Structure formats: C-alpha cells, structure tokens
Amino acid sequence: MAFTGSGKVWMNGSLVDWADAKIHIASHVIHYASAVFEGARCYGTPRGSACFRLDAHMRRLYDSARIYRMAPQIELPALTEAVLETIRANKFKACYMRPIIYRGYEALGVNPFPCPVDTAILTWEWGAYLGQDALERGVDVRVSSWARSAPNTFPTLAKSTANYANSSLIKMEAITEGYSEGIALDTFGYLSEGSGQNLFLVRDDTIYTPPLTASILPGITRNSVITIARDLGFRVREEMLPRELLYIASEAFFAGTAVEITPIRSADKITIGDGTRGPITTVIQRAFFDIINGDAPDRHGWLTYVYPGEPLQAVGAGTSTAKAAN
Ligand SMILES: Cc1ncc(COP(=O)(O)O)c(C=O)c1O
C-alpha cells in the first residue's frame, strides 16, 4: 500500500511534516542495518481508538536496543507517550505504528559507536496485510529454501532491521513462485516462522507453535494467541516441530501484527485439513478480534486508548467492526 505522503512524523522529539522526515545518505543505518524497530496497530474500536499491546511492543523495542548496545536518548515511558502523541497529531482513528531506533549520521565504518542513537515514529493507515480474503479463506504458502538465521548469528529476539534481509529473501521467493508467504525452517531443519509472522499448527485438538529457540521473533500476537487459547481451555505446546507436521496438521495459521490471525490453507501444494479456516482457528480468530474491537472485556489490559475521554462505552455496548471471524 503506497503512502499518502501527508501527516506528521516524530523525529528525535519533534513532529515534522512527512515530506521533511529525512536522514542523510551517510547515516550508519543505511549501510549497516543498524536499527531496531516495532510494528504495532491502533484499532478504531466502538469505544474509541486503542493501541493493541503497546506496552509489550515498547518493551520489545527497548530489549532489541539493549541487545544491540544502543542507548536511546529518550526513556521508554516518554517514547510510549510520543507514539500516542503522533497518532493524535495525525488524527488517526486506526493506524499502524512504526517506532524505530537507529544509528544516525556521524561517521561510516562497521563500528556503530561513534554514531548517534536517533529515534523516529511513523504512523500510517494500513489495512489487512494479506488482504481481507486471506483472513477468511486462508493463504497458500511454501516452505522456504532460505533458513532462518543460526543461533548466535543474528539475534532473533531482537527486532532488528538486519533480520529483514532474510525475511525479504523468503518473501520474494514465495511471491515469485506464486505463493502468498514462505515458512522458514531453522538451521536444524525445524519449523521456525514466516517472513513476518509466527506459525501455529493444530493436530488432535492440541495447538503447537515453535519455541523461542527455533530462531523466531517473540511475537506479541503469538503471545496473545497462546494466552487466548489457554483462556479458552485449549492445550498449547511450544516445542521444536518437524517440517512434516505442517503437512499433516488439521489446521495451520499465522499470527502477527500485520497478518493478525491468518489461516494457512495449503503448504507446498498439500492441502491443510480441508483447505478452509478450521474450527479452532475460527474460535481463536474471533476471540482475538472481539478483544481488539472492544467487543469482549479487555481482561489482560491489552488496549491503550489514544484520545482523552475514551473509552466511550461499556464493553459489549458497541457494534463489532470485525469482519474476519463472522
Ligand atoms: C519475523 C517476524 N516474526 C513474527 C512476527 C510477529 O510478531 P508480532 O506479533 O509481535 O507482530 C513479526 C512481526 O513483527 C516478524 O517480523
């Protein structure tokens, strides 16, 4: 989806016009991928605009910065407030938020230490990443010929821009060969994750997902799905999963901020289950959308309302805007 090119961007403490949100070509980040970032969503709920798990995203951002020895000039609570301020400045009801901490302009060389640690926040309106149809009917995927990074190479608990070179290779390969997404294995051959989303499988009423040791990003949607599934009484197992479990799963789905909860209907041209959104996927997807739409109680405190005066109504009083799980 192309940018509109308007609105405000937060850069090192100031709100600037979108067109002026620029950095120098000699900035360290451009040459050495020295940035960590977040992707989070704000939803327009019947009770007001609410960011989903903003605290968890900001915590992961600062964890990522710590792993890369970056000390942001701004403390975590102030940057969290700046994210909300940026949404308000743009008057968005619903949007995607992209805070980024990066090594800026000073000198070039592999050593990032001489370069400043700069911070910016982008917000823009972004709909369903793989399309509304994908949320309902699922997507066709392939197992990628590219593996996720080996342990102790690129730290996958950090959401670093460097990791997305690997993600781009996975995504380009999938698209070029007519698939919506690729699923990468780790370097030991176990299931890892998609190019920008975590993976869940269902077999015999048990929900499986690869553990943090399978070179995955510790997804916040993944964590939410595990919580929702356990709340609903499902058994969830985080364990190393062989590739072939994908082919014999009764259901499979992706979880991520961008894809939300998207069913997988085939892998390597093998139909998963009966090739439609499965019953457990449907239940979890509905529970997820009910929370983010403000239609179910926010019992885990996942919503941060953006505008003063919101939330506007009691839970359950609003009208659902969820289309995916209907
Ligand atoms: C590689 C990768 N895995 C998983 C995820 C899902 O993480 P989250 O649910 O926090 O968006 C993302 C999205 O950020 C990702 O880029």
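Our structure is the block above this text.
Residues numbered from 1 in each chain as written. Predicted model: local features only at pLDDT ≥ 70, side-chain atom pairs only at ≥ 80, totals over all residues. Heavy atoms only, no water.

## A few points about the packing of helix H2 (residues 54–67) against helix H3 (residues 76–90)
We count it as follows: Note on definitions: angles span 0 to 180 degrees between N-to-C directions of axes, and those axes are lines fitted to C-alpha atoms, for helices only across the stretch in contact. Helix and strand assignments follow DSSP, with helices taken as H or I runs no shorter than four residues and strands as E runs no shorter than two, numbered in order from the N terminus. Under this scheme an angle from 65 to 115 degrees is roughly perpendicular, one under 35 degrees roughly parallel, and one over 145 degrees roughly antiparallel; angles in between are oblique. A clockwise turn of the near helix away from the far one marks a right-handed crossing, whereas an anticlockwise turn of less than a right angle marks a left-handed crossing. Contact criterion: two residues are considered in contact whenever any of their non-hydrogen atoms come within 4.5 Å of each other. Any residue outside Ala, Val, Leu, Ile, Met, Phe, Trp, Tyr, Cys, Pro, Asp, Glu, Lys and Arg is labelled polar, Gly included; the first ten of those are nonpolar and the last four are charged.
Following both chains from N to C, one finds H2 and H3 inclined at 125°, their axes separated by 10 Å at the closest point. The orientation of H2 relative to H3 falls into the category oblique. Crossing hand, H2 versus H3: right-handed. On the side of H2, the interface is formed by Leu-54, Asp-55, Met-58, Arg-59, Leu-61 and Tyr-62, while H3 contributes Leu-76, Leu-79, Thr-80, Val-83 and Leu-84. Residues of the contact of H2 with H3, tallied by class, amount to eight nonpolar, one polar and two charged.

## Description of unusual backbone geometry
Glu-310 connects to Pro-311 through a cis peptide bond whose omega is 10°. Along the polypeptide, Pro-311 turns up in the segment after strand S17 (303–305). At Asp-204, a position not held by glycine, the phi torsion is positive, near 50°. Among the secondary structure elements, Asp-204 is positioned in the loop between strand S11 (198–203) and strand S12 (206–209). Not every positive phi belongs to a glycine, and Glu-260 is a case in point at roughly 55°. By the secondary structure assignment, Glu-260 is in strand S15 (residues 260–267).

## Some points on a nonpolar patch on the surface
Selection rule: Within the patch definition used here, like charges are joined within 9 Å and nonpolar side chains (Val, Leu, Ile, Met, Phe, Trp, Tyr) within 5 Å, considering only residues with over 30% relative accessible area and no salt bridge. Only the protein chains shown count as cover for residues, with accessible areas throughout obtained via the Shrake-Rupley method and a probe of 1.4 Å. Salt bridge, as applied in this entry: a Lys or Arg side-chain nitrogen positioned within 4 Å of an Asp or Glu carboxyl oxygen. Buried residues are those whose accessible area, probed at 1.4 Å on protein chains only, stays under 20% of the maximum for their type, while exposed residues exceed 50% and partly exposed ones sit between those limits.
Residues Ile-23, Ile-25 and Ile-30 make up a contiguous nonpolar surface patch of about 280 Å² in total accessible area. The topology assignment puts Ile-25 in the loop between strand S2 (14–17) and helix H1 (28–32). Judged by its relative accessible area of 60%, Ile-25 falls in the exposed class.

## Some remarks on the site of the ligand
We apply this condition: Here a residue is near a molecule or strand as soon as one of its heavy atoms is found within 4 Å of it. Polar contact is the term for a pair of N or O atoms within 3.5 Å; when the atoms are in protein, one must be able to donate a hydrogen and the other to accept it, and sequence-neighboring residues count only if both atoms are side-chain atoms. We place a 1 Å grid over just the protein atoms. Points where a 1.4 Å probe fits but has no way out form a cavity, open points with protein on both sides within 12 Å along at least 5 of 7 lines form a pocket, and any residue with an atom within 4 Å of a point lines it. If over half the atoms of a molecule are within 2 Å of the grid points of a cavity or pocket, the molecule is regarded as sitting in it.
Of all residues adjacent to the ligand, which total 17 residues, the nearest are Lys-159, Tyr-164, Glu-193, Thr-221 and Thr-257. One of the side-chain nitrogen or oxygen atoms of Tyr-164 is found 2.4 Å away from an oxygen atom of the ligand. Within the contact set of the ligand, an oxygen atom lies 2.6 Å away from a side-chain nitrogen or oxygen of Thr-221. Surface burial for the ligand is 96%, taken as the share of its 380 Å² of free accessible area covered by protein chains. In this structure, the ligand is accommodated by the largest pocket. At the level of secondary structure, the elements contributing two or more residues to the shell around the ligand comprise H2, helix H6 (220–231) and strand S14 (251–256).

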